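Chain residues, written in single-letter form:
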Amino acid sequence: MKTPPRRIAPALMALLALAPPAPAQQGKAFSVGYVYPAGAKQGTTSEHVIAGQFLGSATNIHVSGGGVTATVVDFIHPISGKELNDLRIKMDELMARKAVAQKNFKALENFRSFKNAKDLKNDADGDAEIEALKQKYAGATWTKEDEKLVADIRKKMNSGVRRPANPAICELLVCQFTVAPDAKPGRRELRIGTQAALSNPLVFYVGDLPEFSEEASKDISEQKSSIARTSYGPKNTKAKDDLRVSIPAIVNGQILPGEMDRIRFAAKRGQKLVVSVRARDLIPYISDAVPGWFQATLSLHDATGKELAYRDDFRFDPDPVVYYEIPADGEYHIEIKDAIYRGREDFVYRITIGETPFITSIFPLGGPANAPTTVDLYGWNLPNRRLTLDGKDREPGVRLIRVRKDNHVSNQVPFAIDSLPESLDQEAGQPKSGPMRVAPPLIVNGRIERQDDIDVFSFDGKAGQQIVAEVMARRLNSPLDSTLQLVGPDGKEVAFNDDNTDRGAGLTTHHADSYLAATLPADGAYTLNLRDTQHRGGHDYSYRLRISPPMPDFALRIVPSTVSARAGATIPVTVYALRKDGFTGDIAIALKNAPEGFRLAGAKIPAGEDKVKLTLTAPPQPSADPVTIELEGRATVGDREIAHDAVPADDRMQAFEYRHLVPSEELTVAISGRSDQKSYAPKVKVVSDTPIKIPAGGTATIRLATSGGSYQGKSKLELVDAPEGIVIKNIAPSRDGMDILIESDATKVQPGLKGNLIVSANAPAQSTSKKNKGSSSKGSYTMTLPAIPFEVTQK
């Protein structure tokens, strides 16, 4: 929420006159929606298209992980109203000159309107204009170059669209990517950069197989023309040609409305093909499409067209995977389309076809820290069936594992590491004689092996004892949809849970893991029943079950994952606290191994709050390349301190309504400005004691000490995203700076509310010329003050 703007004191105005403007205020914020193709092979150079909005000032491309470089070679965008009008005027002038040069004066009547037709009062005025054109172009010639210019202008006018179907992806950067031969294969993040900012990240893959793309054999200018048509208007109804590839291969494509892509290849008897799609993996959420991603379907056919296999997902993952052993030599093809024949430019996919390794599941799903764990591997074309993972020097958390066969890498699967004692459920495949006796705290690794199977655990408890049971399955790629039931010594249900939402699992839409916490009502033996709510089972239906007293803890997400700032500027960011097992304490946020010059303000998540907006101040000098920084949070629980890194994330919308914190690889900061510029870092200090105590229904004063002389002019001061009911009531100059009077509404805020106030200051830009020094020039600039902690108290 933004509060009504207030006038800024002259002292702060002087400061604003020197402060660097925030990049977001220098122009419209730009964003990217997709990259196509969404990957490239090691040791190759290829052309790709990146689509987004307001990309005209893009100058460079950053790809995480090293080994990938890229340059912008062209920019395609819808024609603006001004551009279209200018082209029309230019066309009329050319056609008038042609008419005079060819002495076709009758044609001049068609061009009376190109300039002042609305002002013509009668035919005499029109005749006068025609005579003026004859004199203007007297002696003019008309050449083949002029005809070419007319054709070019007509082409631009005909291809221009004022209102593209998808404005968020209506502009295209054509780029050249070069991937080093030794670039590590796998998932990367791509960001577009301008002189002042970085875009949101996109997924980009480095592959180790030959890559094929739609229309790959055509000239790039034709590709750009095709892409421009589909991005700016209705789908091109010309049927696509089948794409023929040699396997193993990776195929890239886009699905437009009603389309189905067909990829043909030759295969031999006995080949064990894995055909896996990446679609939702590339663009996990689309804000203006239902269900919120490209829902691909995949089918395999023989030479007669007979369907051999069909998938529209892989378990709960929307991206389908087909495994098939080829029965005979011959030609085969796959077909990919949207499940309900939707289509748009950001329905981008990558399909891997070949005898490549693919892990379907592992058991157990995790192991202890500082000890080795032998893991059973399940899947297709795997190099072996077992893998030993060493948890030595590993912090508790989730790591990704994969295997390699014949120089090809498999998909990645998660493996959890924990500090609690671990146990295996009763022997797999053996009859269960009764409940498994356990002694909390521990983690049990088990499976629901058959349909309608129930795993039962028994432990002794005391009246008043607190117990927590938590399943980790869906979050570790298991198809298990668990339920947990806690039964007391008297046979009555104490607690039950089906699904528990984990905001940290930002790519999960069905939170199928169970969690329950209970205070035991009596002494005696308790049983915990774990089952699949859909009555399914099998060797893939694995889980990790934690049974323990509450273990208060937290995780952090910092949003956004990309920050753009002028040198010395202050930018607000949001840190979310994902509290666990009843943890309610303060969390102190700090920079971790950050380059010199970065500063945080308001760096604490107050007790009981699940997020805080704090500020990050950039170093006073710009950086030629983006800088990666880390934040960590620390809290005290009892007599122990716990610390966790903040995971970078982006707040993404799904299907017009749902929001998710989607994790990112790194927190990237772009620091812009001239390398020779003088540091104009804001010098603002909160003189008042913090946190500012604001009485519910009363007022409090924030005293700021500012630097600089006086300035007179219009300006605004606002609270950004302040709690409803907290506003700026008045601003007054003080001896060394200014006083901001904050007022709270007792009907909207309650005592105990804590957080940060983010103050945004906006002022007219000042002229730097001697003649107009001190006067306003065109435009304005905005700066953010360092976050100011507050607390609402009793009046």
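Just above sits the structure.
Residues numbered from 1 in each chain as written. Predicted model: local features only at pLDDT ≥ 70, side-chain atom pairs only at ≥ 80, totals over all residues. Heavy atoms only, no water.

Colleague: Where do I start with the overall build of the protein chain in this structure?
Modeller: Broken down by element type, the protein chain carries 5 helices and 56 strands. Burial status across the protein chain gives 50% buried among its 795 residues. Pairs at least 24 apart in sequence give 70% of the contacts found in the protein chain among residues at least 6 apart. As displayed, the protein chain has an accessible area near 37700 Å², and 48% of this comes from carbon and sulfur atoms. (Helix = DSSP H or I, 4+ residues; strand = E, 2+ residues; numbered from the N terminus. Buried < 20%, exposed > 50% of the residue type's maximum accessible area, 1.4 Å probe, protein only. Contact = heavy atoms within 4.5 Å. Areas by Shrake-Rupley, 256 points an atom, 1.4 Å probe, with all protein chains shown as cover.)

Colleague: Would you explain the sheet that holds strand β30 (residues 454-461) in this entry?
Modeller: Adjacent strands of a sheet pair through backbone hydrogen bonds, lying either parallel or antiparallel. If you walk across this open sheet you meet the 5 strands as β28-β30-β35-β32-β33, and the pairing is mixed. Of all the strands in the sheet, the pair left with one neighbour each is β28 (436-437) and β33 (493-497). Pairing analysis gives 4 bridges linking strand β32 (residues 482-487) to β33, with the strands arranged antiparallel. Within β33, the position partnered with Gln 485 by the bridge is Phe 496. (Pairing = 2+ DSSP bridges.)

Colleague: How do you make sense of the nonpolar core when you look at a structure like this?
Modeller: If you look at soluble globular proteins, the nonpolar side chains tend to sit buried side by side. In this structure, Ile 50, Phe 177, Leu 190, Ile 263 and Phe 265 are the most contacted members of the largest nonpolar core, which totals 65 residues. A per-element tally of this core places strand β6 (residues 171-179) first, with 6 residues. Core analysis: the second largest hydrophobic core is formed by 30 residues, Ile 571, Ala 618, Val 637 and Leu 667 among them. (Core = buried A, V, L, I, M, F, W, Y, C linked by side-chain atoms within 4.5 Å.)

Colleague: In this structure, what is going on with the packing of aromatic side chains? I would like to understand it.
Modeller: What characterises a pair of aromatic rings is the spacing of the ring centres plus the angle enclosed by the ring planes. Tallied over the entire structure, the rule returns 8 aromatic pairs. Judged by centre distance (4.9 Å) and plane angle (10°), the ring pair of Phe 294 and Phe 347 falls under stacked. On the criterion of sequence distance, the pair formed by Phe 294 in the loop between β13 (272-278) and β14 (296-301) and Phe 347 in the loop between β17 (330-338) and β18 (348-354) is long-range, its members being 53 residues apart. For the residue pair Phe 294 and Phe 347, the accessibility class agrees, reading buried in each case. Ring centres 6.0 Å apart and planes at 15° place the aromatic pair Phe 459 and Tyr 526 in the stacked group. Taken together, the positions of Phe 459 in strand β30 and Tyr 526 in strand β35 (residues 524-532) put the pair 67 residues apart, joining distant regions of the chain. Residue class for Tyr 526 comes out buried when judged on its relative accessible area of 0%. Through pairs of rings, three or more aromatic residues link up here, namely Phe 314, Tyr 323, Phe 358 and Trp 380. Seen from the ring of Trp 293, Arg 280 lies directly overhead, with NZ or CZ sitting 4.6 Å from the centre. Between the NZ or CZ atom of Arg 447 and the centre of the ring of Phe 363, over which it lies, the distance is 4.0 Å. (Phe/Tyr/Trp six-rings, centres within 6.5 Å; stacked < 30°, edge-to-face > 60°. Lys NZ or Arg CZ within 6 Å of the ring centre and 35° of its normal.)

Colleague: Is there a simple way to think about the sheet that holds strand β2 (residues 39-41) in this case?
Modeller: Taken in spatial order, the 4 strands of this open sheet run β2-β8-β7-β4, and their pairing is mixed. At either end of the open sheet lies a strand with only one pairing partner, and these are β2 and β4 (60-63). In this sheet, adjacent strand axes meet at a mean angle of 30° when their direction is disregarded. Of the strand pairs in this sheet, β4 and strand β7 (residues 186-193) are connected by 4 bridges, and their pairing is antiparallel. Residue pairing for β7: His 62 is matched across the bridge by Arg 191. (Axes fitted to C-alpha atoms, helices over the stretch in contact; angles between N-to-C directions.)

Colleague: How should I be thinking about the pairing of β18 in this particular structure?
Modeller: Residues in a regular strand point their side chains to alternate faces of the sheet. Here β18 lies mainly inside the structure; 7 of its 7 residues are buried. Residues Val 348, Arg 350, Thr 352 and Gly 354 line one face of β18 and the alternating positions Tyr 349, Ile 351 and Ile 353 line the opposite face, and both faces are buried. Note: strand β11 (residues 249-254) against β18, 6 bridges, orientation antiparallel. Bridged to Gly 253 within β18 is Tyr 349. In this structure, β13 lies alongside β18, joined through 5 bridges in antiparallel fashion. Along β18, the bridge assignment pairs Arg 278 with Arg 350.

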